[in-house]
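# Working through the structure, step by step
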Amino acid sequence: MAQARQRPLTGEGQAAIEAFLLERGAGQMPHPGGTLLEHLQRVQRLLAEWKADPAVQAAGLCHATYGTDGFAPTLLPLTDRATLVALIGAQAEALVYLYASCDRATVYPRLDGTAAVAFRDRFTSREHSPTPDDLRAFVEITAANELDVLAHNAELAKQHGPGLYGLLKRTGPLLSPAAQDAVARQLA
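Below is a short write-up of the structure.

Thresholds, definitions, all that
- Along each chain, numbering runs from 1 in the same order as the chain's sequence is written.
- Side-chain atom pairs in this predicted model are given and counted only at pLDDT of 80 or more, local residue features only at pLDDT of at least 70, and totals for whole chains, interfaces and linings cover all residues.
- Calculated side-chain values reflect all of the structure's heavy atoms, with hydrogen atoms and water omitted.
- The helix and strand labels rest on DSSP assignments: H or I over at least four residues marks a helix, E over at least two residues marks a strand, and numbering proceeds from the N terminus.
- Taken over C-alpha atoms, the radius of gyration is set against a globule rule of 2.2 Å times the number of residues to the power 0.38.
- For every residue, the accessible area (1.4 Å probe, protein chains only) is compared with the maximum for its type, and the residue is labelled buried under 20%, exposed over 50%, or partly exposed between those bounds.
- To qualify as a nonpolar core, a set must consist of buried Ala, Val, Leu, Ile, Met, Phe, Trp, Tyr and Cys residues joined through side-chain atoms within 4.5 Å.
- In what follows, residue pairs with any heavy atoms lying within 4.5 Å of each other are defined as contacts.
- Lines fitted to C-alpha atoms define the axes, with helix axes restricted to the stretch in contact, and inter-axis angles between N-to-C directions lie between 0 and 180 degrees.
- Here the angle decides the label: under 35 degrees means roughly parallel, over 145 means roughly antiparallel, 65 to 115 means roughly perpendicular, and every other value means oblique.
- Here a crossing is called left-handed whenever its near helix is offset anticlockwise from the far helix by less than a right angle, and right-handed whenever the offset is clockwise.
- Three residue categories are used. Nonpolar comprises Ala, Val, Leu, Ile, Met, Phe, Trp, Tyr, Cys and Pro, charged comprises Asp, Glu, Lys and Arg, and polar comprises the others, including Gly.

Within the protein one finds nine helices and four strands. The C-alpha atoms of the protein give 15 Å as radius of gyration, which agrees with the globular expectation for 188 residues (16 Å, within 12%). With the C-alpha coordinates of the protein rotated into their principal frame, the extents come out at 40 × 35 × 30 Å. Considering the protein as a whole, with its 188 residues, one finds that 51% of them fall into the buried category.

Below you can see the structure in the form of structure tokens.
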């Protein structure tokens, strides 16, 4: 994939991404804690607090663009990935695709804190091994996403909190120290 310029996640770059998300309906889609847009913004802010690099923050802000294994609505079809590449850059878009394509039932049990995992793409049914950096970004985005969802839905927290804690504790070496602290504070 050709490298597009990575826009910083402040000022104009962030405003352009948020305008895109609004145009695509994220401000009207219900999600725990309000709308999908509000959730995406909280995930990005959490990643920023954890000192994630701008590409990971942009991916966090756009992580549901193609839908996810846990959230079916899409903001952009997979056939139009070039639109998101032009907006957030190739590296961030690849992380959005990685997050969206995760077959959670297959991948989550395989996550063990090492930088190697057979990752199953739910769109293609193919397996591949993400780079260690991409896997770390995927786990960091996963932690931010799930912590936000559980913080805004007590029923989901009660139902899924212990399992999520087990998953994120097991993947701990892949998480930043700030993310590990947040997981321990919220879920332990």
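The discussion continues.
Right, let's talk about the nonpolar core for a bit. Formed by 58 residues in total, the largest nonpolar core has its most connected members in Leu 21, Trp 50, Leu 84, Ile 88 and Phe 138. Residue assignment for this core shows that the elements contributing at least two residues are α1 (11-23), α2 (36-49), α3 (54-62), α4 (81-88), α5 (90-101), α7 (132-151), α8 (154-170) and α9 (177-187). Per element, the largest residue contribution to this core is nine residues, and it comes from α7.

Among the secondary structure elements, Val 43 is positioned in helix α2. In this structure the C-alpha to C-alpha distance between Val 43 and Asp 121, which are 78 residues apart in sequence, comes to 23 Å. Setting aside anything within four residues of it in sequence, one finds Val 43 in contact with Gly 60, His 63, Ala 144, Asn 145 and Asp 148.

Another aspect to go through is the packing of α7 against α9. Taken N-terminus to C-terminus, the directions of α7 and α9 make an angle of 25°; their axes are 11 Å apart at the nearest point. Comparing the axis directions of α7 and α9 gives the class roughly parallel. Judged by the sense of rotation from one axis to the other, the crossing of α7 with α9 is left-handed. Contacts from Glu 140, Ala 143, Leu 147, Leu 150 and Ala 151 of α7 reach α9 at Ala 179, Ala 182, Val 183, Gln 186 and Leu 187. For the contact of α7 with α9, the residue count by class is eight nonpolar, one polar and one charged.

All quantities given are derived from atomic positions and should not be read as evidence of function.
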